[in-house]
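Residue-level structural notes
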Amino acid sequence: MPHTPLVLVHGNPESAVIWGPLIGELDRADAVVLSPPGFGVPAPRGFDSSATTYRDWLASALELFRAPVDLVGHDWGGIHVAALAMSRPDLIRSWASDALGVFAPDYLWHPRAQVWQQEGPGEASVQELWGGHLEQRLAVTSALGMTGRMAERVAAGMDPEMGRAVLKLLRSARQPAMAEAGRLLPSAAQRPGLALIAVDDFERASGTLVQHEWAARQSGARMAHLEGVGHWWPEETPAPVAEALTNFWADLPDPERAPATDSRG
């Protein structure tokens with residue numbers, strides 16, 4: 001039986017190259033990587049880079065597939081994936097996200113994001129982080145905790161357009177925006193979900209363990225507590241995530257028998 005299409009969505013400040021190690025672990029050369037506009041690919045004219053616009057962009061991309069997909073997201077990609085699962089379950093067989101904690105009612109954006117959400121200081125931060133030459137950007141990725149090839153690949157893809165997208169995206173997500181979005185988490189339970197919880201994500205950019213667990217329960221998602229896995233797992237520790245995903249997919253029903261729910265209305 002052919003594979004259910006696998007679609008991967010990355011976050012900030014990444015590009016699609018981060019998925020190579022996970023694709024290799026899964027042995028899924030057929031995986032499709034979707035880059036959110038502004039993050040490794042140019043944004044269309046008039047694209048406002050808000051959280052809801054990225055959700056709608058993802059829905060439009062998935063509408064081009066002939067069958068529901070298995071959808072996996074990392075960092076902001078994980079937020080886009082969860083938002084899609086809440087709003088368009090008809091487009092997916094399953095979903096997996098490592099960023100569910102941001103939907104908890106008591107989630108606070110990490111300090112760097114809070115700077116980006118401020119007019120003035122945000123622009124200065126983006127100029128510093130995204131506006132420098134390659135060596136400066138490498139210093140940024142290293143400061144974010146990336147190592148080796150991932151630091152190099154991410155730094156190579158960072159540019160001022162991405163910085164501008166970050167400002168618009170994070171400002172659209174100022175609280176209480178994410179807490180309000182989290183009220184819809186039960187809608188995501190219409191399709192099987194997996195909360196990828198990176199236990200060693202020390203900075204907790206996507207929420208605390210308690211916040212991840214709360215959001216997983218709200219969305220009906222299975223939890224995978226990934227010991228020894230940090231925030232940048234797509235490059236650094238893909239094997240435990242690949243194992244969790246493989247086990248999750250193995251328990252799913254035949255996609256042809258999944259209920260054809262469409263919650264667009």
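Along each chain, residue indices are assigned from 1 in the same order as the chain's sequence is written. The predicted nature of this model means local features are confined to residues of pLDDT at least 70 and side-chain atom pairs, given and counted, to a pLDDT of 80 or more, with totals for whole chains, interfaces and linings taken over all residues. Calculation of side-chain values draws on the structure's entire complement of heavy atoms; hydrogens and water are dropped beforehand.

This part takes up the pairing of strand 3 (residues 69–73). Most of strand 3 sits inside the fold, with 5 of its 5 residues counted as buried. In this fold, the crossover linking strand 3 to strand 4 (residues 92–97) by way of helix 3 (residues 76–87) has right-handed handedness. Relative accessible area decides the class of each residue, using a 1.4 Å probe on protein chains only: under 20% of the type maximum gives buried, over 50% gives exposed, and in between gives partly exposed. Each helix is a run of H or I in the DSSP string that is no shorter than four residues. Each strand is a run of E no shorter than two, and both are numbered from the N terminus. Think of it like this: strands point away, you trace from the first strand over the helix to the second, and a clockwise trace means the crossover is right-handed.

Bringing the sheet that holds strand 4 into the picture now. When DSSP finds two or more bridges between a pair of strands, those strands are recorded as paired. An order of 2-1-3-4-5-6 is seen for the 6 strands of this open sheet, with the pairing classed as parallel. Pairing within the sheet leaves two strands with one partner each, and these edge strands are strand 2 (32–34) and strand 6 (222–226). This sheet shows a mean twist of 20° between the axes of neighbouring strands, independent of strand direction. Two elements, strand 5 (residues 193–198) and strand 6, share 5 bridges in a ladder whose sense is parallel. By the bridge assignment for strand 6, Ile197 is matched with His225. Should any heavy atoms of two residues lie within 4.5 Å, those residues are considered in contact. Interaxial angle, 0 to 180 degrees, is taken between N-to-C directions of lines fitted to C-alpha atoms, where a helix line uses only the stretch in contact. Relative to the sheet, helix 3 contacts strand 1 (6–9), strand 3 and strand 4, its axis offset from that of strand 4 by approximately 145°.

Turning next to the environment of Gly182. Within the fold, Gly182 resides in helix 9 (residues 177–182). Among the residues examined, Gly182 registers a relative accessible area of 3% and is labelled buried. When the C-alpha atoms of Gly182 and Pro105 are compared, they prove to be 7.2 Å apart, with 77 residues separating the residues in sequence.

A separate point is the pattern of salt bridges. Any Lys or Arg side-chain nitrogen found within 4 Å of a carboxyl oxygen on Asp or Glu counts as a salt bridge. Per the stated rule, a full pass over the model turns up 11 salt bridges. With its nearest N and O atoms 3.1 Å apart, the salt bridge here joins Asp56 to Arg55. Between Asp251 and Arg222 there is a salt bridge, with its nearest N and O atoms 2.8 Å apart. One end of the pair, Asp251, is in the segment after helix 12 (238–250); the other, Arg222, is in strand 6, and 29 residues separate them in sequence. Arg222 gets classed as partly exposed once you look at its relative accessible area, which sits at 34%.

Everything listed is a geometric property; what it means functionally is a separate question.
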